[in-house]
Amino acid sequence: MKDREALKTIAQRMRGEGKPLRHIARALGIHRRTLKRLLGQQAPKKSAAPPPAPSKLDPFRKRIEELSKIPKMTNRGIYTVIRREGFTGGQTILGDLLRKLRGTTMTRKAFIRYEPPPGAEGQSDWSPYRVSIAGTKTKIHVFSMLLSYSRYQYLEAFLDEKQDTLFQGHVEAFRAFDGCPAEIVYDNQTPVIACRIKENVILHPRFEKFAAHYGFRPRICIPYDKERKGRVERPFGYLDTSFFPGREFSSLEDLRAQLRHWLSDETAATGNCRIHGTTRKRP
C-alpha cells in the first residue's frame, strides 16, 4: 500500500511538472494503464450498444413462422398474406428472416426462352384445385389465358372444364384484353382436339369454328413440351402459393370476386400489378 501511495505521489508530482504519461510510466517502471489508475484517469468503460430498433416484422414474426411451414408456400405468398394483414415493410427483410427460418435457398434451371412480339401469342390452360367453399371441400378448375409478350393474365374459376366452359373463359378473357392474340397455344385437351395421329392434330370441329369466328389460330403443343407453354403453367404455381393460402370462400362467386381483386390489387402488388420476375415490368 505504501509503495502504491509513494508511486502515486511521485506520478502526481511529475505530472504537475508537465511530464507526458509515457515518460512517467517509463520512469516508474509501470504500465500506462496502471499509471492512469494511480492518477484517477482510468478510461471510462464503453457503454453498451443501444438495443436494435424495432423491426416492422416483429408483430408478424409468429404469423410468418406459421406460414413458412405450409407446403408450397413461397416467400412471395407469405408477403402477400401479411400485407393483407397490415405489414408495411418490404420483401427484402422478409426474405432475410425466411432464409434464417428455413436455412435453404432456391435454385433455378436456365433455358433458352422464345419471346414473341406484342399481340402475336397467348397461352391457355387449366389447373384444378380443392378448396373450402362454405365449409365444404370443393374441386374447382381455374381457367387461365396469358398474353405471352406482356404476361398480362386473365383468370376465372369454374366447376368443370367442359367445352362450353372453355368457350366462356375465352370470351371473358377477350373482353378483359379488349381483343385476342393472333395465335393461342394449348396442350392436348379434349375440348380442343378431336384426335392426334403422330404429329398430325385434328381439331375438334366445334372448337375450330369458334377459333375462326374470333379470328385466332390454335397451336397445339407436342406432348410433354412443358417449356413451350411454360408462361401460362408457371403462374399456376404463383397462384397456388400467393392467392389460395389463408383464404376462405363463402361461395363460388366470392372466390371469383377475390380472384379478380387479387389480379388487380395495387396495394399488395399481386397478379397483374406485380413486377414480373422475367420482364422486370408490370404486365
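Keep in mind that this is a model prediction, so the values were computed, not measured.

Thresholds applied
Residues numbered from 1 in each chain as written. Predicted model: local features only at pLDDT ≥ 70, side-chain atom pairs only at ≥ 80, totals over all residues. Heavy atoms only, no water. Salt bridge = Lys/Arg side-chain N within 4 Å of Asp/Glu carboxyl O. Buried < 20%, exposed > 50% of the residue type's maximum accessible area, 1.4 Å probe, protein only. Helix = DSSP H or I, 4+ residues; strand = E, 2+ residues; numbered from the N terminus. 1 Å grid on protein atoms, 1.4 Å probe; cavity = no way out; pocket = protein on both sides within 12 Å on 5 of 7 lines; lining within 4 Å. Points joined across faces, edges and corners; volume = space filled by probe spheres on them. Pairing = 2+ DSSP bridges. Core = buried A, V, L, I, M, F, W, Y, C linked by side-chain atoms within 4.5 Å. Contact = heavy atoms within 4.5 Å.

A few words now on the pattern of salt bridges. Under the counting rule described, the total for this entry stands at ten salt bridges. Ionic pairing is found between arginine 61 and aspartate 58, a salt bridge with its closest N-O pair at 3.5 Å. For aspartate 58, a relative accessible area of 39% puts it in the partly exposed group. Arginine 256 is paired through a salt bridge with glutamate 156; the nearest N and O atoms lie 3.6 Å apart. Of this pair, arginine 256 sits in helix H10 (residues 252-263) while glutamate 156 sits in strand S3 (residues 153-158); the two residues are 100 residues apart in sequence, bridging distant segments of the chain. When its relative accessible area of 15% is taken as the criterion, arginine 256 is described as buried. A single network of salt bridges, built from pairs that share partners, joins Arg63, Glu66 and Glu85.

Attention shifts here to the layout of surface pockets. Its boundaries defined by the atoms lining it, the second largest pocket holds a volume of some 280 Å³. Of the residues forming the lining of the second largest pocket, the biggest block, four residues, is contributed by strand S1 (residues 121-133).

Turning our attention to the pairing of strand S4 (residues 183-186). Of the two faces of S4, both are covered, the one formed by Glu183 and Val185 as well as the one formed by Ile184 and Tyr186. Where S1 lies against S4, three bridges are found, and the strand directions are parallel. Bridging across to S4, glutamine 123 finds its partner in valine 185. As paired strands, S4 and strand S7 (residues 217-220) are joined by four bridges and run parallel to one another. Along S7, the bridge assignment pairs isoleucine 184 with proline 218.

As a further point, take the nonpolar core. Among the nonpolar cores identified, the biggest contains 21 residues, and Phe143, Met145, Tyr186, Val192, Phe207 and Phe216 are the most heavily contacted of them. Residue contributions to this core peak at six residues, all from helix H7 (residues 163-177). Filtering out sequence-adjacent residues up to four positions away, phenylalanine 216 remains in contact with His170, Phe174, Cys180, Pro181, Ala182, Ile184, Tyr186, Phe207, Phe210 and Ala211. Membership of the second largest hydrophobic core comes to 18 residues, among which are Tyr129, Ile133, Leu252 and Trp262.

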